[in-house]
Amino acid sequence: MPIATVNPANGETLKTYEAMGEEEIERRLQLAEATFRTYRTTSFEERARLLNRAAEVLDEAQQDIARVMTTEMGKPVKQARAEAAKCAKAMRWYAGHAEALLADEEPSEADVEDSGGARARVLYRPLGPVLAVMPWNFPLWQVIRFAAPALMAGNVGLLKHASNVPQTALFLEDLFHQAGYTPGCFQTLLVGSGAIDDILRDERVKAATLTGSEPAGRAVASTAGDMVKKTVLELGGSDPYLVMPSADIDRAAEVAVTARVQNNGQSCIAAKRFIVHTDVYDRFAERFVAGMKALKVGDPLEEDTEVGPLASEQGRNDLEELVDDARRSGASVLCGGERPDGPGWYYPPTVVADVTREMRIHREETFGPVATLYRAADLDEAVLIANDSPFGLSSNVWSRDEAEVDRCVRDLEAGGVFVNGMTASHPAFPFGGVKRSGYGRELSGHGIREFCNITTVWHGA
């Protein structure tokens, strides 16, 4: 895949880049290793000062980088600005919380005495250069949610970004440099996916984090396993959205539209499978389909656009195949489902009903503005359908019945359960999944400790 900015709204190639050669990669790996030796000794106060400054630089560049993101991967420009603002917020959060999250831990006196020691403590020390393999769908946020905690923990970052967002990747490197970080603290490796294996095998790279597809996650995990290196993986998602009779149905249907089409539907944590109790199915379906039909699809640089193009032609082809396969197998397409004429990789907001387990769309992730709608006889069936997926990233439950909510929290196989609202990420809460959605956690204290050497220090009596 070429390293290039191709505008998904019209298919025009705007900029192309040469991949870095072996000499440049080697230079950057040397710089990362050398920088880590010094940066790891900096104080939390100094790290916080730098990260807060990076947030200021990002705020100043918000308008410009929002347009770059929109031009590279097609998200509505309003959502791009919101993404930039969210990144600055996360940087400030980690700047303010990292020291407490990584504070030394003191075991109880009784446990120390029982160990035969005089005193003991647990430290969180940085690992070293961490490789981040990141996707195009949230080209700023996915990187910052790794970089902010990693840098505050004393690590340094190496970014291999998706090849279709090179300008955003280069902006991120420049962002940290402008903030005052020494160049080796955060570097963009402008390389293709074929270079990842050799970079990860390099002894100077101590760990890796990947957000992306299941095949990409398998490849990185396999190499990291062979090298015995820590990894955190956030892979696909096919999040269920359960609606029970006690819910506010009108509100559930309204939020469902946003939950499905955020980021043009290209979000791992977007709700994708809408599982509705039969008693309220028709009411929900009517409102949900009407809301999907009412969305404005168009130029993502226009302020009133709600759904832009998919990021790539292949992405649209893959989505179209899933819908067509479901239609041929007996599913009902309640709205959308037809590729529009004209330039760009657009696909309309689509709702597919009467889905069965044999259809590809039931098992595979729909990465675009396509929703599947299921009818459930009761909560037992709703949970059964929800868990009948290889993925387990997040989930949504709409109910005013506490017993129903408790049951869902207990039984849903997911890394998150969002009650009477749509899934969202926040720096204070851990984020990640189970099953084929990956392992490990990002954000919160759990995320910052993923790439730390958790060290026991023990003193004899």
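Computed from a predicted structure; not experimentally measured. (Residues numbered from 1 in each chain as written. Predicted model: local features only at pLDDT ≥ 70, side-chain atom pairs only at ≥ 80, totals over all residues. Heavy atoms only, no water.)

Here's the deal with the pairing of strand E5 (residues 156-160)
In step 1: Counting buried positions along E5 gives five out of five residues, so the element sits mostly inside the fold.
In step 2: Going residue by residue along E5, you find Val156, Leu158 and Lys160 tucked away on one face and Gly157 and Leu159 tucked away on the opposite face as well.
In step 3: The sheet contact formed by strand E4 (residues 129-133) and E5 spans five bridges and is parallel. When the bridges of E5 are listed, Val133 appears paired with Lys160.
In step 4: For the segment spanning E4, helix H6 (residues 141-152) and E5, crossover handedness is right-handed.
In step 5: Where E5 lies against strand E6 (residues 186-188), three bridges are found, and the strand directions are parallel. Looking at E6, one finds that Leu158 is bridged to Gln187.
In step 6: In this fold, E5 hands off to helix H7 (residues 166-178), which returns the chain to E6; that crossover is right-handed. (Buried < 20%, exposed > 50% of the residue type's maximum accessible area, 1.4 Å probe, protein only. Helix = DSSP H or I, 4+ residues; strand = E, 2+ residues; numbered from the N terminus. Pairing = 2+ DSSP bridges. Right-handed = clockwise from strand over helix to strand, strands pointing away.)

Description of the pattern of salt bridges
In step 1: On inspection of all chains with the given rule, the structure shows 38 salt bridges.
In step 2: Here Lys230 and Glu450 are joined by a salt bridge, their closest N and O atoms 2.8 Å apart. Within this pair, whereas Lys230 is found in strand E8 (residues 230-234), its partner Glu450 is found in the loop between helix H16 (444-449) and strand E19 (452-460), the two being separated by 220 residues in sequence.
In step 3: Residue Arg327 is joined to Glu338 by a salt bridge in which the shortest nitrogen-to-oxygen separation is 3.6 Å. Here the residue Arg327 occupies a position in helix H12 (residues 313-328), and Glu338 occupies one in the loop between strand E11 (332-335) and strand E12 (350-353), the gap between them amounting to eleven residues.
In step 4: For Arg327, a relative accessible area of 30% translates into the label partly exposed. (Salt bridge = Lys/Arg side-chain N within 4 Å of Asp/Glu carboxyl O.)

Section: unusual backbone geometry
In step 1: The backbone of Val228 sits at a positive phi, close to 55 degrees, despite the residue not being glycine.
In step 2: Residue position: Val228 is located in the loop between helix H9 (214-227) and E8.
In step 3: Phi is positive for Leu443, close to 65 degrees, though the residue is something other than glycine.
In step 4: Take Leu443: it is sitting in the loop between strand E18 (438-439) and H16.
In step 5: Looking at Leu443, the relative accessible area reads 1%, which means it is buried.

Remarks on the pairing of strand E9 (residues 239-243)
In step 1: Buried residues dominate E9, accounting for five of its five residues.
In step 2: The alternating pattern of E9 places Asp239, Tyr241 and Val243 and Pro240 and Leu242 on opposite faces, both of which are buried.
In step 3: Where E9 lies against strand E10 (residues 271-277), five bridges are found, and the strand directions are parallel. Residue Asp239 lies in a different strand from E10, and its bridge partner there is Ala271.
In step 4: The β-α-β motif built from E9, the intervening helix H10 (residues 249-261) and the parallel element E10 has right-handed crossover chirality.
In step 5: Where E9 meets strand E15 (residues 396-398), three bridges bridge the pair, whose relative direction is parallel. Following the sheet pairing, Leu242 is matched in E15 by Val397.

With respect to the sheet that holds E12
In step 1: Taking strand neighbours across the sheet as the criterion, the seven strands line up as E11-E12-E13-E10-E9-E15-E16 in an open arrangement whose pairing is mixed. What marks the edges here is a single partner per strand, and that holds for E11 and strand E16 (418-419).
In step 2: Packed onto the sheet, helix H14 (residues 379-387) meets E9, E10 and strand E13 (370-376) and runs at close to 145 degrees relative to E13. (Contact = heavy atoms within 4.5 Å. Axes fitted to C-alpha atoms, helices over the stretch in contact; angles between N-to-C directions.)

Re the packing of aromatic side chains
Geometry of an aromatic ring pair is reported as the spacing of the ring centres plus the angle between the planes.
In step 1: This structure, assessed with the given rule, holds nine aromatic pairs.
In step 2: Ring centres of Phe176 and Phe186 lie 4.7 Å apart, and the angle between their planes is 40 degrees; on these two criteria the pair is classed as tilted. Residue Phe176 is located in helix H7, and its partner Phe186 is located in strand E6; the two are separated by ten residues in the primary sequence. For the pair shown, Phe176 and Phe186 are each scored as buried. (Phe/Tyr/Trp six-rings, centres within 6.5 Å; stacked < 30°, edge-to-face > 60°.)

Looking at the sheet that holds E6
In step 1: If you trace the six strands from one edge of the open sheet to the other, you get E6-E5-E4-E7-E8-E18, paired in mixed fashion. Each edge of the open sheet carries a strand with a single partner, namely E6 and E18.

Here we look at the nonpolar core
In step 1: In terms of nonpolar packing, the biggest core is built from 85 residues, with Leu58, Leu131 and Tyr181 touching the most fellow members.
In step 2: Broken down by element, the residue count for this core peaks at twelve residues, all from helix H4 (residues 77-101).
In step 3: Every residue in contact with Leu131, bar those within four places of it in the chain, is listed here: Leu158, Lys160, Leu189, Ile196, Ile199, Leu200, Val205, Ala207, Ala208 and Thr209.
In step 4: Ranked by size, the runner-up nonpolar core spans 29 residues in total, among them Tyr241, Ile249, Phe288 and Ala371. (Core = buried A, V, L, I, M, F, W, Y, C linked by side-chain atoms within 4.5 Å.)

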